[in-house]
Amino acid sequence: MPLWINEKSTDHVSGSLAEFFQIFPVLKISASYLTSQKPNEFGPKDLLYIGQREYGGTCPDDDVIKIIGSEGATTCHIGILRHTGSGAVCMLHFDGYSMNQGVESMVQLILELSQHKLEGRLEFHVVGGFMDDNHISEKISMALFRHLSQCKEDIYLVTACIGDVNTTYKNGVPFPVIYGVAVDVQTGAIYNASFPDHGPDEPLRSTRVFSGNSDNYSVYNYSKGLLEIGPFAYSQLPDLDALLMMPDSFYRQHLSTSPAQEPNGFEVSVRAALQQMKQHPDPMRTVFPNGKSRCYKKQPDGLWARI
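Residues numbered from 1 in each chain as written. Predicted model: local features only at pLDDT ≥ 70, side-chain atom pairs only at ≥ 80, totals over all residues. Heavy atoms only, no water.

K.L.:
Tell me about the packing of helix α5 (residues 202-210) against helix α8 (residues 266-279), residues and numbers included.
P.N.:
Each pair of packed helices can be described by the angle between their axes along with the distance between the axes. At a minimum axis separation of 8 Å, α5 and α8 run at an interaxial angle of 90 degrees. As far as their axial angle goes, α8 and α5 are roughly perpendicular. Facing Pro 203, Leu 204, Ser 206, Thr 207 and Phe 210 of α5, the residues of α8 in contact are Val 270, Ala 272, Ala 273, Gln 276 and Met 277. The residue makeup of the contact of α5 with α8, split by class, is seven nonpolar, three polar and no charged. (Axes fitted to C-alpha atoms, helices over the stretch in contact; angles between N-to-C directions. Helix = DSSP H or I, 4+ residues; strand = E, 2+ residues; numbered from the N terminus. Parallel < 35°, antiparallel > 145°, perpendicular 65-115°, else oblique. Contact = heavy atoms within 4.5 Å. Nonpolar A, V, L, I, M, F, W, Y, C, P; charged D, E, K, R; others polar.)

Have a look at this one:
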C-alpha cells in the first residue's frame, strides 16, 4: 500500500531528504509546531518509557498508562503510530537496525488493539534525527519512509520533525532541537518532552544495543497493564574488561553516532550497560531464570514495582 502525505499517495520513496521536503513542504509546517515548544517534563506517573530498540502501545481505556515517551534521540528517530478510530497508539525508538521489523511490529500491534474499531486510519509521526555531518540521520529517515511505503496497510504521514527542521546550530555545530517526545494516549497530542525517570532495569535493557541484539521488542503487556522485560540473551563483547577501564570520553567518541550532541548521562548509561554484561554474562540463567520475563506493576507513586 502507498504512503499517504497530505492526501497524496506515494509508493516509491527515493532521493534525498531535501527533495522529499520539496515535494511535501506541508510536513515542515506540522514540524514547526513541535520545534516551537519548550520541553515538557513528564514524571513517572502514568508513563510508559520506551528505550532504544523498544516499542510499546495501548488504548485510551488503559487505566495504567496515559503517556508514552522516549528521549535521547540524536540520529535515532522516535516513531508514533496511532489509529484515529480506536485511539490505539504505539511508540518505537528506531536506531537504524531492523527497521522493517519495527514498522511491521507497530502496525501489527495497532491493528490488534483496534480490532473491534476498524473505522479510521493509521497516522504516523516521526521525531528525531538532525543534519549530522555523517548523514546517518538522513539514511534512517529515508529508510523509514521506504518501509512505511511498503506496508500492507495505508499509512498517513502527519508529522516529520527530522533533518533540517529539527536542527539548530551552536558555534557552527549542528544539534537536534528535540531529543525526546511524548504522546498523550487519551488525545493523541504530541509534545517535545523530557523524562527524569526511564523505568526499571535500564542497564539491562540497554545491553541489547551493544551486544548485536538488533530486533526491536515490545516492553508493555497492555492486557495486563504490566511492564515486561525480556527474556533475551546477549553476546559478550570482546575485551569487555578493557572497555570498562576506558575513560568516559572514550565511550562518547567511539560508541556514539554523534559524540558532540549526546545528552548528559550518555557515558554513565553506557558504563552501566557494560557492567551489566560483565556481572551477568549468561542472562538467560541469572537474569531470566526458566525463561521468565521480569515483570513490573505500576504503583500509586508512578514507579514500577517488581512482581
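K.L.:
How would you sum up the environment of Ile 5? Please name residues and give values.
P.N.:
Relative to the elements of secondary structure, Ile 5 occurs in strand β1 (residues 3-5). According to the relative accessible area criterion, Ile 5 is buried, its value standing at 0%. C-alpha of Ile 5 to C-alpha of Leu 27: the two residues are 22 residues apart in sequence and 8.3 Å apart in space. Once residues lying within four places of it in the same chain are set aside, the contact partners of Ile 5 are Thr 10, Phe 20, Phe 24, Leu 27 and Leu 157. (Buried < 20%, exposed > 50% of the residue type's maximum accessible area, 1.4 Å probe, protein only.)

K.L.:
Hey, could you go over the pairing of strand β14 (residues 190-194) for me, with residue numbers and the actual values?
P.N.:
In summary, the side chains of a regular strand alternate between the two faces of the sheet. The pairing of strand β3 (residues 40-41) with β14 spans two bridges and is classified as parallel. If you follow Asn 40 over to β14, its bridge partner there is Ala 193. Here strand β13 (residues 181-184) runs beside β14; their pairing, made up of three bridges, is antiparallel. When the sheet's bridge partners are listed, Val 183 is paired in β14 with Ile 190. Connecting β13 to the antiparallel partner β14 that follows it, the hairpin turn spans five residues, and Gly 188 within it adopts a positive phi of roughly 85 degrees. (Pairing = 2+ DSSP bridges.)

K.L.:
I'd like to hear about the packing of helix α3 (residues 99-113) against helix α4 (residues 136-149), residue by residue, with values.
P.N.:
It is at 9 Å that the axes of α3 and α4 come closest, and there the two elements cross at 50 degrees. Relative to α4, the element α3 is oriented oblique. Of the two elements, α3 crosses α4, and the hand of that crossing is right-handed. Where α3 approaches α4, its residues Met 99, Asn 100 and Val 103 are matched on the opposing element by Ile 140, Ala 143, Leu 144, His 147 and Leu 148. (Left-handed = near helix turned anticlockwise from the far one by under 90°.)

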